[in-house]
Amino acid sequence: MRSWPALDITVGAASDLLQAALLDYRITAIDETDSHRWRVVFASPADRDAAAGDLARRFRDLTIRFVDVPDQGWAARSQAAVRAIQVGRLIVAPPWDLPPVDDPARIVIIIHPSMGFGTGHHATTRLGLAALQALDLHGRTVLDVGTGSGVLAIAASRLGAARVAGIDDDADAIEAAGENLRLNPQASVQLRLGDLRSATPESSDVVAANLTGGLLIRSARRLQDLTAPSGRLILSGLMAHEESGVRAAFADLALIARAEEEEWVCVTLQRRA
Ligand code: SAH
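Presented here is an overview of the structure given in this document.

## What to know about the site of the ligand
Consideration 1: Among the 19 residues in the neighbourhood of the ligand, the closest are listed as T125, G146, D168, L196 and N210.
Consideration 2: One of the backbone nitrogen or oxygen atoms of D169 is found 3.3 Å away from a nitrogen atom of the ligand.
Consideration 3: Contact distances for the ligand include 3.4 Å between a nitrogen atom and a side-chain N or O atom of R197.
Consideration 4: For the ligand, the accessible surface in isolation is 580 Å², of which the surrounding protein chains cover 90%.
Consideration 5: For the shell around the ligand, a count of residues per class yields 6 nonpolar, 7 polar and 6 charged.

Next comes the structure, spelled out in structure tokens:
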């Protein structure tokens, strides 16, 4: 029987920080036994081993145990628990929890919870979805950097953007985004596999980047170059304590909106003309 490489982690106080750190690894699922005990399942044993070493160094208060989880349909079971969520006019729903579309003002996006990050159940995705809705996307070009499940790109297309591209350096994410795009035939998104630091997509009117605080800082120059003059740059995935560092890295841009949920911050910036 196939088994999955996993870590059972007993989480200390910094569970949000740990959740953010886990974005750096290729993860298939996170099962929360309770709020302090997580089972994190990895794409490969090498991913697990690398993560275990890093996490032990970065977080002093974790207990980490290696486990191999037999495949007894746990993935399907934990996914089936995922329900639709709503952010403003957008409803992000798994295929098994589609809301009745009786309200023309609502837009339903179907996302299959799989390996691509972004089901709408993470605050950083919700903040990104809200920030996109605060802009008038009609006729605009949009680039979603680190598209994951494709959720922000699909949302931008459904919100009226003229042309939308999504880029991710993880082949599994691009595959998941492609599957989600097929579930949303009204959306049109060009998906590209590539690292934001080396790929050269043309600049866009609106750039959305839900990454991590550290990566946003390291990629600040590049993200600004990807944003057209007078264009908007949505930054999500940063934690409240990282905000001043991120804002300093993007000091040339004007702040036009800011929102916070739990410990997470999302800012919308405008590039000068
Ligand atoms: N946009 C989605 C997913 C965000 S998760 C949402 O808002 O929910 C961040 C994504 O960025 C992951 O899919 C990860 O693979 C991708 N990523 C991380 N570093 C990257 C890089 N250097 N270049 C391109 N994509 C990257």
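## A word on the side chain of D144
Consideration 1: As for its placement among the helices and strands, D144 is situated in strand β8 (residues 141-145).
Consideration 2: It is R192 that comes nearest to the buried, bridge-free D144 among opposite-charge side chains, at 12 Å.
Consideration 3: One polar contact links D144 to T147, side chain to side chain, over a distance of 2.7 Å.

## Comments concerning the pairing of strand β10 (residues 190-193)
Consideration 1: In the sheet, strand β9 (residues 163-168) pairs with β10 via 4 bridges, with the strands oriented parallel. Note that in β10 the partner of A165 across the bridge is Q190.
Consideration 2: This β-α-β element, β9 to helix α6 (residues 171-183) to β10, shows right-handed connectivity.

## Re the sheet that holds strand β4 (residues 63-70)
Across a sheet, strands are paired by hydrogen bonds formed along the backbone, either parallel or antiparallel in direction.
Consideration 1: Pairing is antiparallel in the open sheet, where 4 strands are placed in the order β2-β3-β1-β4. Edge positions in the sheet fall to β2 (27-34) and β4, since each has one partner strand and no second. Pairs of neighbouring strands in the sheet enclose a mean axial angle of 25 degrees, with direction left out of account.
Consideration 2: Two strands pair when backbone bridges link them, and β2 and strand β3 (residues 37-42) are joined in this way by 6 bridges, in the antiparallel orientation. When the sheet's bridge partners are listed, I27 is paired in β3 with F42.
Consideration 3: Helix α2 (residues 45-58) contacts β1 (3-10), β3 and β4 of the sheet and is inclined by roughly 165 degrees relative to β4.

The rules we used
Residues numbered from 1 in each chain as written. Predicted model: local features only at pLDDT ≥ 70, side-chain atom pairs only at ≥ 80, totals over all residues. Heavy atoms only, no water. Near = heavy atom within 4 Å. Polar contact = N/O pair within 3.5 Å; in protein donor to acceptor, adjacent residues only side chain to side chain. Areas by Shrake-Rupley, 256 points an atom, 1.4 Å probe, with all protein chains shown as cover. Nonpolar A, V, L, I, M, F, W, Y, C, P; charged D, E, K, R; others polar. Helix = DSSP H or I, 4+ residues; strand = E, 2+ residues; numbered from the N terminus. Buried < 20%, exposed > 50% of the residue type's maximum accessible area, 1.4 Å probe, protein only. Lys, Arg positive; Asp, Glu negative; His and termini not counted. Salt bridge = Lys/Arg side-chain N within 4 Å of Asp/Glu carboxyl O. Pairing = 2+ DSSP bridges. Right-handed = clockwise from strand over helix to strand, strands pointing away. Axes fitted to C-alpha atoms, helices over the stretch in contact; angles between N-to-C directions. Contact = heavy atoms within 4.5 Å.

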